[in-house]
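Spelled out from the first residue to the last, the chains are:
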Amino acid sequence: MRNLPHHLPVTWARRAFVLSALIWSGACGGSSSPAGGGPSVDGGADDAPDLGSVVTGTQLLAGDLDVAGITTDDVAAVLDQSRGALAVPISGAPAQTIDPAADYLFAVGGVIFSFHNLDVLDGFGDLAIWTTANGAVPFVDGATYAVAVSDDATRILATGLTSSDATTTNLVLGGIDGSVPVTLFQIALGGGCQPILTFTGSRFVASHCAPGSTAVTISSIDPASGAVTDLLTSARNVIRAVPGGSGLVALIDTSGDALLVPAAGGAATPIGGDVDALITAPDGSAVFLRTAGSVVRVPVGGGPVVLVPSGVVNLSGVSPDGQQLIFQTVEGTRAGYGDLWLTSATVAGPIVELSNDINTTVFGSAFSADAQEILYFTSADAPGVGTFTAAPVAGGSPVVYGEIGWTVRAYAGSRIVFTDQYAPVAKRTGRAVLRTLDVSGGGSPVVVATHAGAYFYLTQAKDRVAFSFNDGSAQSGLYLAPLP
């Protein structure tokens, strides 16, 4: 049976951001204030009724299948239990076969990546790719899940020819036309040396270790020539591309110094010391550093501002408008679980407790698209489900909208899509109820489908949602439904 893992590899996995107990005594010059009493409960709660079998929208493809992504040109990556990996245009055009023997696939940018002969334990297999321009072509054998795609979807940086013991692999660079990619150099795997690959500022940027070494180097790679420029040696295995047109990446060296470096190479700009982690503002205007337990905002080209002076262990996310920050202060029962706090992302200000449950986390979007609601899950368990909750940024009691919730995506204003009532399926993506909701409207969630795949994907216009549906009947397949 073909298998879509319960959680995707780390590059594509749900970003689980959580927070833990902060005993705040006003050291920030502001005061903590609870978000209100216990959350009230709206639709989708513990005693949810049996909804039967419901599906809305248009069936694009019939079959026993899971959807695993959608490209930037709106083609769904589908893993069918009898037909293998398929590319299914959202336009309604016929499905195209990528690999009948595929074990696993996903989409990045305008490319679908399909693996067969997959070594599930060590995470590598033989890779084929699909694009609208060239259809399905083989790319490289022995590839890991680490890939990056150029903005025009014509060049790919990946790994290949991984050793049988999964201790070394090679960085490879190629096009989408089926020609054999160029091997750049051999790199180590494991021991903190899993490569991170991204594309920004017209260059690929990769982290890597030499074989037999655990010392990380961050390098820039020209997508056409393959020329390699080292951006930082003695680096931590962290790359954060700064959004916008700056062409910068934020890096951390082994001594904890954070730097802004042009992706094409050039002089590095120090932005902070004793840094454990960093994230960027959505518009690229600032970098947020966690340094010695504090949170510091460093504007690109400006002076630093301390937002939280102490006690922080994780930076969980920044609102789409760059005005709010959520963070955690103590690790919970699992990595990324804890309680949740909110503060200003621009100036030192009040700190608001959102949840004191140490199993609170973020699965999917952390804020509504209009940045007016915080979206999070409490009572999260080991399989990765929890109670889906929303709380107004402006203050007020949180509201529970779903139990046994899996993930949420914000798409326009205060409107969201989420899955709850999750039920695992052996060796497959689990099933759930797919719902839409306007979190500011005070209404109840609207069911899009029961028996839906726990993962779902929005079109590029964010006006429709693609999902799988499987109730064991002839209705099972890939669906596309409009979003209100």
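So, how was this worked out
Residues numbered from 1 in each chain as written. Predicted model: local features only at pLDDT ≥ 70, side-chain atom pairs only at ≥ 80, totals over all residues. Heavy atoms only, no water. Helix = DSSP H or I, 4+ residues; strand = E, 2+ residues; numbered from the N terminus. Buried < 20%, exposed > 50% of the residue type's maximum accessible area, 1.4 Å probe, protein only. Areas by Shrake-Rupley, 256 points an atom, 1.4 Å probe, with all protein chains shown as cover. Salt bridge = Lys/Arg side-chain N within 4 Å of Asp/Glu carboxyl O. Polar contact = N/O pair within 3.5 Å; in protein donor to acceptor, adjacent residues only side chain to side chain. Contact = heavy atoms within 4.5 Å. Pairing = 2+ DSSP bridges. Axes fitted to C-alpha atoms, helices over the stretch in contact; angles between N-to-C directions. Phe/Tyr/Trp six-rings, centres within 6.5 Å; stacked < 30°, edge-to-face > 60°.

Moving on: the overall build of the chain. The secondary structure content of the chain amounts to 0 helices and 41 strands. Relative to its 484 residues, the chain shows a buried fraction of 56%. Accessible surface for the chain amounts to roughly 17,800 Å². Of this, 53% is attributable to carbon and sulfur atoms.

We now examine the pattern of salt bridges. Two side chains carrying opposite charge are able to pair once their charged atoms lie near each other. Counted under the stated rule, the structure contains 8 salt bridges. Between aspartate 80 and arginine 83 there is a salt bridge, with its nearest N and O atoms 2.8 Å apart. Overall, the relative accessible area of 1% leaves aspartate 80 in the buried class. With a closest N to O distance of 4.0 Å, aspartate 276 and arginine 290 form a salt bridge. Placement of the pair is aspartate 276 in strand β24 (residues 275-280) and arginine 290 in strand β25 (residues 286-291), with a sequence separation of 14 residues. Each of Asp64, Asp66, Arg428 and Arg431 takes part in salt bridges that share partners, so that together they form one network.

What follows covers the side chain of aspartate 99. Looking at where aspartate 99 falls in the secondary structure, it is placed in strand β7 (residues 96-99). Classification of aspartate 99 as buried rests on a relative accessible area of 9%. A distance of 2.7 Å separates a polar atom in the side chain of aspartate 99 from a polar atom in the side chain of histidine 116. Leave out the neighbours within four places in its chain, and aspartate 99 touches Arg83, Gly84, Ala85, Ser114 and His116.

Moving on to the sheet that holds strand β18 (residues 216-221). A sheet is described by the order of its strands in space; here 4 strands give the open sequence β16-β17-β18-β19, paired in antiparallel fashion. Looking at which strands have only one partner, the edges of the open sheet turn out to be β16 (197-200) and β19 (228-235). Averaged over neighbouring strand pairs, the angle between their axes works out to 20° when direction is ignored. Direction of pairing for β16 relative to strand β17 (residues 203-209): antiparallel, over a ladder of 4 bridges. Residue pairing in the sheet places phenylalanine 199 in a bridge with phenylalanine 204 of β17.

Before going further, it helps to spend a moment on unusual backbone geometry. Its identity as a non-glycine residue notwithstanding, alanine 292 has a phi of 50°, on the positive side. With respect to the helices and strands, the residue alanine 292 is situated in the loop between β25 and β26 (294-299). In the Ramachandran plot, lysine 462 falls in the positive-phi region, its phi being about 55° despite a non-glycine side chain. For lysine 462, the location among the structural elements is in the loop between β39 (457-458) and β40 (464-469). Taking relative accessible area as the criterion, lysine 462 reaches 38% and is therefore assigned partly exposed.

For the rest of this paragraph, the subject is the sheet that holds β26. Paired through backbone hydrogen bonds, the strands of a sheet run either parallel or antiparallel to each other. Spatial ordering of the open sheet is given by β24-β25-β26-β27, a layout of 4 strands whose pairing is antiparallel. Looking at which strands have only one partner, the edges of the open sheet turn out to be β24 and β27 (305-308). Within the sheet, the average angular offset between the axes of one strand and its neighbour, ignoring direction, is 30°. Two strands pair when backbone bridges link them, and β26 and β27 are joined in this way by 3 bridges, in the antiparallel orientation. Each residue of the ladder has a partner; that of arginine 297, found in β27, is valine 305.

Sheet topology note: the strand β30 (residues 338-344)/strand β31 (residues 351-360) ladder contains 4 bridges and is antiparallel. Bridging from a neighbouring strand, leucine 340 pairs with serine 355 of β31. Where β30 folds back onto β31 in an antiparallel hairpin, the turn is made up of 6 residues.

Counted by the stated rule, this structure contains 15 aromatic pairs. Consider the rings of phenylalanine 377 and phenylalanine 388, whose centres lie 5.3 Å apart with planes at 40°: the pair is tilted. Of the two residues, phenylalanine 377 sits in strand β32 (residues 373-378) while phenylalanine 388 sits in strand β33 (residues 386-392), which places them 11 residues apart along the sequence. By relative accessible area, phenylalanine 377 is classed as buried at 0%. A relative accessible area of 0% places phenylalanine 388 in the buried class. Taken together, Tyr104, Phe106, Phe113, Phe115 and Tyr145 form an aromatic cluster joined through their ring pairs.

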